[in-house]
Amino acid sequence: MKDLVVEIGVEDLPASKCKEILDQLHSNLPSILKEKRVCYKSIDFYLTPRRISFKINSASEYQQAEVIEKRGPPVSIAFDASGNPTKELIGFLKANNSSIDNIEIKKVQDKEYVFISIEQESRDIREILKDIVLDLIKSFKFEKPMYWLTKDFQFIRPIRWILCILDNEAIEFDYLQYEEKVYKSSNYTFGHRIFHPKKIKIKSVDSYIEQLRIAMVIIDHKIRENLIKDSISKIEIETNLKANLDHDLLEKLVFMYEYPTAILSEFDEEYLNLPTELIITIIKNQQKFIPLMNGDSLSNKFIAFKEGEINDEEVNRHNYRKVVEARLEDALHLLREDRKILLASRVSKLKDILYYDELGTLYDKTIRVKAITEYLCHKLNVEETILEFSLKAATLAKADRTTNIVFEYPNLQGIIGKYLALEQGENEAVASAIYEHYLPETPEDNRYPTRYEGILLAIADRIDTAVSFISIGNVVKGSKDIIGLRRVLSTLINILHNFKLSIDLEDVIKFSYSILSDKKYGIEINPKISLNRVIREIKEFFFNRVEEIYKEEGFSYDKIRAVLHIFWKDYSMADNTLNFINKKPLEELKNIVLLSKRLKNIINDFLKHHDNEDELFPYIYEEYNNTEFIEFPESIEKIKINVSLLKEEIELKLNDLVQKYQETFFMMIKENPEKAFQIVKEISMLIEEYFEKVFVMVDDKNLRQNRVLLLYKTFLITSLFADFSKIVVS
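Remember, predicted model here, so these are calculated numbers, not experimental data.

K.L.:
I'd like to hear about the sheet that holds strand 17 (residues 290-294), residue by residue, with values.
P.N.:
An order of 15-17-18-16 is seen for the four strands of this open sheet, with the pairing classed as antiparallel. The sheet is open, and its two edges are formed by strand 15 (242-243) and strand 16 (260-266), each paired on a single side. The sheet contact formed by strand 17 and strand 18 (residues 297-307) spans four bridges and is antiparallel. Among the inter-strand pairings, Pro-291 is bridged to a residue of strand 18, identified as Phe-302. Along the sheet, helix 6 (residues 221-239) makes contact with strand 15, strand 16, strand 17 and strand 18, crossing strand 16 at roughly 25°.

Now the structure itself:
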């Protein structure tokens, strides 16, 4: 067994891509080694900005022996009537360098085939290392690979050297040829670009890491990460401050440096008057430094990292201070200029910023979002002040996109709008909504609007985005979701879930769709997708996401699906109903569930044999995500039963009960679910008696249809509470 180290030396890798490279290395190399039949104990993976490395521990010196069985033609084709081999069999044997003496006849299912066994050659690992390394290089997939010297050789960055050592033996192979020059692997690498740029001859696999460390390269990214963390912790203790460090910045720092060293620096305290988020953006996002916090407040101190050891700490500290202060001064200048124009005066400037080619400008979007916000406010019967502040926030929500500071730092949209609004005397509710309507930014983000105005604006903004983009042909699913509609809808659902809002989503979607082609609401948009398809696209995603959320909270899938159609109508009510049903013992639900399933089967069976062109049955099951869901019954009272055809007393009793609650039952469920549930139980008992005394599928067509309609209407009444047929009781 031998140890092997391979290092692929490259020009500086982008830090943002290093995790992806490392993941591919972890995934691809073991697959290649398995394919090449190389056994080993373990693999260590290393990555720096200039080298992709791996060390295979206890690799087999020879490939693992293997016998491959290959199937040839069927016996009926392999031999003629006299038992002589045919051209097909001879060709198969010749192609696999075998003879007729090696064949076996085996039955596969009911047919006999010719088989041969081929023993794979067990080659020395030295002979296949070239294939392993080149296959590994080719296995990497990059969005924008680079090529150099020749277009046949591509990688994320030009490869400058390849080191390959087996124990203490240099393995040499050609990896690139350009004109007369041949590029070969060797046992040479390079130290740190600045502090040790000369060639280094690596003596053995065992000395690889230490020789690089002496040359100012810490090859192991995990060691660099711990070194960075330890340096930060030490400064935190010394200063009694806390580092504002997130995982993404830490990852970037690990892959930006080959020998990271921390330096504590600071900027003039006067700059703390700038918005905190602006300072943090400059320090973290732009400079890749780490701000230090004093409790919840930002301090004027920060941690910078540099390559190599520190010779003059004061000089370095001063240099980093100058860099940060120069950026802060630029930001201060931009902010001073931006303060000269009121946010309200900036709204008209949104006409000059394209939102999307077919959807107009940001001004057009602002008009639509304001209209949807107003529609939501009226539907939810909000107070007059909330309506006023919500509409003002909707008007100003995108105005900061015209500022110099947001142009320079796009991630500060909303934040700058909030600061400017407060400075210009807007109400705090308006200012907060301008910023908070962007929250949550991702499905994983736990930040939400803190005031009603921000919640309403966040919902309106997302509904406009989803409806408008889907209406012009964009889709929510998979890799085709180039707009990010999954993120938009996921955060919309998270808002509804977090605040348990009583919003009829389909109603708001219909309004949003209706204003797209109305010139009163900005540019006239011509939808390519029908309203029904837009609703279906959103609804399918909605059902799937809501089910995921409640499964994560411990609810069973069947009870979730029983109320999914109600979530679409009223999220708050559906949440209450789901919790109510979940607390009920299955024994109490069993009879309701079984009778509901029977009702559903009768209705479905009737519909299979009768067309529904006259829409006698307006609310039917539709399939979403391969599962059928009942459409929410909006107006049950419109389903008319011919009372003159009700012959039996139980029919009249059932009809009277349905008639009594058809217009008030939904509100009763919201206000008093226990009382509503008792009515469901009463209906269930009547249905049970009905089935004992009434035969539904009579020969008389009109009588049969009327009886099914009564059962259908009864089923719809109970489905306002839940589709009990979805619940599993056995």
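Read on for the rest.
K.L.:
Quick one: what's the story with the environment of Asp-167, residue by residue and with numbers?
P.N.:
Here Asp-167 shows up in the loop between strand 9 (159-166) and strand 10 (169-170). Since its relative accessible area comes to 25%, Asp-167 is described here as partly exposed. Considered as a pair, Asp-167 and Met-1 are 166 residues apart in the sequence and their alpha carbons are 9.5 Å apart. Excluding residues within four positions of it along the chain, Asp-167 makes contact with Lys-2, Asp-3, Ser-204 and Val-205.

K.L.:
Which residues make up the pattern of salt bridges, and what values go with them?
P.N.:
Counted by the stated rule, this structure contains 50 salt bridges. Residue Glu-337 pairs with Lys-340 through a salt bridge whose shortest N-O separation is 3.0 Å. Residue Glu-441 is joined to Arg-447 by a salt bridge in which the shortest nitrogen-to-oxygen separation is 3.4 Å. A relative accessible area of 39% places Glu-441 in the partly exposed class. We classify Arg-447 as partly exposed; its relative accessible area is 37%. A network of salt bridges, in which partner residues are shared, links Lys-365, Arg-368, Lys-398, Asp-461 and Asp-464.

K.L.:
Would you mind going over the sheet that holds strand 6 (residues 111-120) in detail, with residue names and values included?
P.N.:
Taken in spatial order, the three strands of this open sheet run 4-6-5, and their pairing is antiparallel. Strands at the two margins of the open sheet, each flanked by one partner only, are strand 4 (66-74) and strand 5 (103-108). Along the sheet, successive strands turn relative to each other by an average axial angle of 40°, direction set aside. Across seven bridges, the pairing between strand 4 and strand 6 is antiparallel.

K.L.:
So what's going on with the packing of aromatic side chains? Which residues, and what values?
P.N.:
Here the structure, examined in full by the defined rule, presents 31 aromatic pairs. A connected cluster of aromatic rings, assembled from ring pairs, spans Phe-542, Phe-543, Tyr-550, Phe-555, Phe-567, Trp-568, Tyr-571, Tyr-624 and Phe-629. Over the aromatic face of Tyr-621 sits the side chain of Lys-600, whose NZ or CZ is 4.4 Å from the ring centroid.

K.L.:
Tell me about the side chain of Lys-569, and please be specific about residues and values.
P.N.:
As for its position among the elements, Lys-569 is in helix 20 (residues 557-569). Under the relative-accessibility criterion, Lys-569 is labelled buried at 15%. Discounting chain neighbours no more than four positions away, the residues touching Lys-569 are Ile-503, Asp-504, Phe-632, Glu-634 and Phe-666.

K.L.:
If you had to explain helix 21 (residues 571-583) to someone new, which residues and values would you point to?
P.N.:
Side chains that are three or four residues apart share a direction in an α-helix, a result of its 3.6 residues per turn. An ideal rise of 1.5 Å per residue puts 18 Å on 13 residues; helix 21 measures up with 19 Å between its terminal C-alpha atoms. Regarding helix 21, the residues found buried are Tyr-571, Ser-572, Met-573, Ala-574, Asp-575, Thr-577, Leu-578, Phe-580 and Ile-581. Contact partners of the buried residues in helix 21: helix 17 (485-499), helix 19 (531-552), helix 20, helix 22 (586-608), helix 24 (665-671) and helix 25 (673-693). Between a side-chain oxygen at the N-terminus of helix 21 and the backbone nitrogen of Ser-572 the separation is 3.2 Å; the capping residue is Asp-570.

K.L.:
Pulling in residues and values, what's your account of the environment of Asn-626?
P.N.:
Topologically, Asn-626 is positioned in the loop between strand 21 (621-624) and strand 22 (627-630). Residues Asn-626 and Glu-540 lie 86 residues apart in sequence; the distance between their C-alpha atoms is 9.8 Å.

K.L.:
Mind laying out unusual backbone geometry, listing which residues take part and the relevant values?
P.N.:
Here the residue pair Leu-439 and Pro-440 is connected by a cis peptide bond, since its omega of -10° sits within 30 degrees of zero. Relative to the elements of secondary structure, Pro-440 occurs in the loop between helix 15 (428-436) and helix 16 (452-471). Of note, the phi angle at Arg-37 is positive, near 60°, even though the residue is not glycine. Although it is not a glycine, Lys-500 sits at a positive phi angle of roughly 50°. Tracing the chain through its elements places Lys-500 in the loop between helix 17 and helix 18 (505-514).

K.L.:
Account for helix 15, with residues named and values stated.
P.N.:
Of all the nine residues making up helix 15, eight are buried; the element is thus mostly covered by neighbouring parts of the structure. Within the sequence span of helix 15, burial applies to Ala-429, Val-430, Ala-431, Ser-432, Ala-433, Ile-434, Tyr-435 and Glu-436. Where the residues of helix 15 are buried, they touch helix 10 (343-346), helix 12 (384-396), helix 14 (415-423) and helix 16. The backbone nitrogen of Ala-429 lies 2.8 Å from a side-chain oxygen of the residue at the head of helix 15, namely Asn-427.

K.L.:
Could you give me a rundown of the nonpolar core, with the residues and numbers involved?
P.N.:
In a soluble, globular protein the nonpolar side chains are often hidden away together inside. Core analysis: the largest hydrophobic core is formed by 162 residues, its most contacted members being Ile-459, Phe-542, Phe-567, Phe-665, Phe-721 and Phe-724. Considering each element in turn, this core owes the most residues, eleven residues, to helix 16. In this view, Phe-721 contacts Val-563, Ile-566, Thr-577, Phe-580, Ile-581, Phe-665, Ile-669, Pro-673, Ala-676, Phe-677 and Val-680; residues no more than four positions away in its chain are not counted. Within the second largest apolar cluster, 60 residues are counted, among which are Ile-52, Leu-166, Leu-176 and Val-254.

What counts, and where the lines are drawn
Residues numbered from 1 in each chain as written. Predicted model: local features only at pLDDT ≥ 70, side-chain atom pairs only at ≥ 80, totals over all residues. Heavy atoms only, no water. Pairing = 2+ DSSP bridges. Helix = DSSP H or I, 4+ residues; strand = E, 2+ residues; numbered from the N terminus. Contact = heavy atoms within 4.5 Å. Axes fitted to C-alpha atoms, helices over the stretch in contact; angles between N-to-C directions. Buried < 20%, exposed > 50% of the residue type's maximum accessible area, 1.4 Å probe, protein only. Salt bridge = Lys/Arg side-chain N within 4 Å of Asp/Glu carboxyl O. Phe/Tyr/Trp six-rings, centres within 6.5 Å; stacked < 30°, edge-to-face > 60°. Lys NZ or Arg CZ within 6 Å of the ring centre and 35° of its normal. Expected span 1.5 Å × (residues − 1). Polar contact = N/O pair within 3.5 Å; in protein donor to acceptor, adjacent residues only side chain to side chain. Core = buried A, V, L, I, M, F, W, Y, C linked by side-chain atoms within 4.5 Å.

What is shown is where atoms sit, not what they do.
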